[in-house]
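# Examination of the molecular architecture
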Amino acid sequence: MIKFHPSEQHLVLYAAGELSPAMLMMVGTHVDMCPKCQAHVQDIEQHMATKLFGETETASIVHGFDEQAMLQAIFNSQSPAGSAAPAANDSLYLEGQRFALPPTLARNSHRIGEWSRLPGKLWRAPVRVGGEEMLNFIYMGEHASLPEHTHKGNEATLVVNGVFNDEHNEYRDGDFMLLDEHHKHSPATQDHDCLTIAALDGPLHFTTGLSRLLNPFSSLFFK
Ligand SMILES: [Zn+2]
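Residue positions within a chain follow its written sequence, with the count starting from 1. This being a predicted model, a pLDDT of at least 70 is required before a residue's local features are given, and a value of 80 or more before pairs of side-chain atoms are given or counted; all residues contribute to the totals for chains, interfaces and linings. Hydrogens and water molecules were not included; the side-chain quantities draw on all heavy atoms of the structure.

Attention now moves to the overall build of the protein. Helix and strand definitions here come from DSSP, where helices need a minimum of 4 consecutive H or I residues and strands a minimum of 2 consecutive E residues; each element is numbered from the N-terminal end. When helices and strands are tallied, the protein shows five helices and eleven strands. Within the span of the protein, comprising 223 residues, buried residues form 45% of the whole. We call two residues contacting when some pair of their heavy atoms lies within 4.5 Å. In the protein, the proportion of contacts linking residues at least 24 apart, taken out of those at least 6 apart, comes to 62%. Put simply, the protein shows about 11,400 Å² of open surface, and 55% of that area lies on carbon and sulfur atoms. In this scheme, a residue with accessible area under 20% of its type's maximum is buried, one over 50% is exposed, and one in between is partly exposed, where area comes from a 1.4 Å probe on protein chains only. Here, Shrake-Rupley sampling with a 1.4 Å probe gives the accessible areas, and only protein chains in the shown set may cover a residue.

Shown next as C-alpha cells:
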C-alpha cells in the first residue's frame, strides 16, 4: 500500500506535460505504480480537456489522448535529432538480482548509465535526462545507511523496490517523497535492500560528525 504520493500540483503539472524531464520521469514512475494517482491523473486530464474544448468534444479527445506518446516526445526532444527511440528494457540487473522496471523507466532504460559503488553498501547510476537536474538510481544494500544530510534545493525520492527508513517514516515500493533544504534526514535500510530513484536540484549537504568530511564529495551524488 503506497503511503506517500506526489502533491496535487505535481500531478497537475504531470498531466499538462509541464514538469522538468527528471520530475516527469519520477512522477510518471509513481503513477505507473499507483492506481490512486492514475485515476486522479485521468480526472485532471478530463477536467483540463473540458476546460479547453467544452463537454461535447471532450470524450473523444480524452479517449484518443496518448499520454505515453506525449511523454516520449518530450524525452526524445532532449535527444540528438534523428535518433530513434531504443527498445524498452524492463529489467535492471545489479548485484546478482533482477529488478523489474515500471513502464516509464523501462522505456527510458537506455538513459541509465554505469553503476558505481560508493562507500557503505551504496551504489549509484546516473540517468541521463537532460536539463539542469540530476537523476540517479541509488541502491542501498541490507544494513546500509547514508549519512545525515540536508539538501541545497529539493530532493525527490521514489522507492522502486524494497524498503528504507529515516528518522520520520518507513518507505516502500511506490512511495514518493519530496524534501527541501529544511529537512534533515539519514536514510537507512534494515533487513531489506532498497532500489530508489532520486532527483536532486542541488548538492547534498552532510551535517554530522565525520560525514561532514564528505561534503567535498557530495558531487558524487550530483552528476
Ligand atoms: Zn500515488
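Let's shift gears to the coordination of the zinc ion. The protein atoms that coordinate the zinc ion are His5 (ND1), His30 (NE2), Cys34 (SG) and Cys37 (SG), at distances of 2.0 to 2.3 Å. Sites may look incomplete, because water is not among the atoms used; the donor set itself consists of N, O and S atoms within 2.8 Å of the metal (3.2 Å for Na, K and Ca). Under this scheme a four-donor centre is tetrahedral when all angles range from 85 to 135 degrees, a four-donor centre is square planar and a six-donor centre octahedral when opposite donors are above 155 degrees with the rest from 65 to 115, and any other centre is irregular. One can describe the donor arrangement at the zinc ion as tetrahedral, given that its four donor atoms subtend angles of 102 to 115° at the metal. In terms of primary sequence, the donors binding the zinc ion are separated according to H-x24-H-x3-C-x2-C. With relative accessibility at 2%, the residue Cys34 sits in the buried group.

Moving on, we come to the environment of Ser109. Within the secondary structure, Ser109 sits in the loop between helix 5 (103-107) and strand 3 (116-118). With a relative accessible area of 12%, Ser109 lands in the buried category. In sequence terms Ser109 and Leu92 are 17 residues apart; their C-alpha atoms lie 8.4 Å from each other. Ignoring any residue separated from it by four or fewer positions in sequence, one finds Ser109 in contact with Ala87, Ala88, Asn89 and Leu101. A polar contact of 3.2 Å, which involves the side chain of Ser109, links it to the backbone nitrogen of Asn89. Here a polar contact is taken to be a pair of N or O atoms separated by no more than 3.5 Å, where protein atoms must pair a possible hydrogen donor with a possible acceptor and residues adjacent in sequence count only if both atoms sit in side chains.

Glancing now at the confidence of the model for the protein. pLDDT is a per-residue confidence score from the predictor, ranging from 0 to 100. Taken as a whole, the protein shows an average pLDDT of 82; of its residues, 74% reach a score of 70 or greater. At the level of individual helices and strands, the protein shows its lowest average pLDDT in strand 11 (residues 204-206), which scores 60, and its highest in strand 8 (residues 170-172), which scores 96.

The next thing to look at is the nonpolar core. Within soluble globular proteins, side chains that are nonpolar tend to cluster in buried spots. In these notes, a set of buried Ala, Val, Leu, Ile, Met, Phe, Trp, Tyr and Cys residues joined through side-chain atoms within 4.5 Å is what counts as a nonpolar core. Among the nonpolar cores identified, the biggest contains 37 residues, and Met23, Met26, Val27, Leu135, Phe137 and Ile197 are the most heavily contacted of them. Per-element accounting of this core gives the leading share, seven residues, to helix 2 (residues 21-33). Split by domain, the residues of this core number at least three in each of domain 1 (8-76) and domain 2 (91-221). Excluding residues that lie within four positions of it along the chain, Met23 makes contacts with His10, Gly28, Glu133, Ala156, Phe176 and Ala199. Among the nonpolar cores identified, the runner-up in size contains twelve residues, and Leu122, Ile138, Leu146 and Met177 belong to it. Segment limits for the domains were obtained from an automatic or database-derived domain assignment.

Right, let's get into helix 2. Helix length check: helix 2 (13 residues) gives 19 Å between terminal C-alpha atoms against 18 Å at 1.5 Å per residue, within 8%. Every buried residue of helix 2 is accounted for by Pro21, Ala22, Met23, Leu24, Met25, Met26, Val27, Gly28, Thr29, His30 and Val31. The span you would expect from a helix comes to 1.5 Å times its residue count less one.

What follows concerns helix 1 (residues 8-15). When helix 1 is considered as a whole, its buried residues turn out to be His10, Leu11, Tyr14 and Ala15. Buried residues along helix 1 cover an arc of 130° about the axis, so they all sit on one side. Looking at the residues trailing helix 1, positive phi occurs at Gly17, about 70°. Each direction from the helix axis to a C-beta atom contributes to the arc, which is the arc of those directions.

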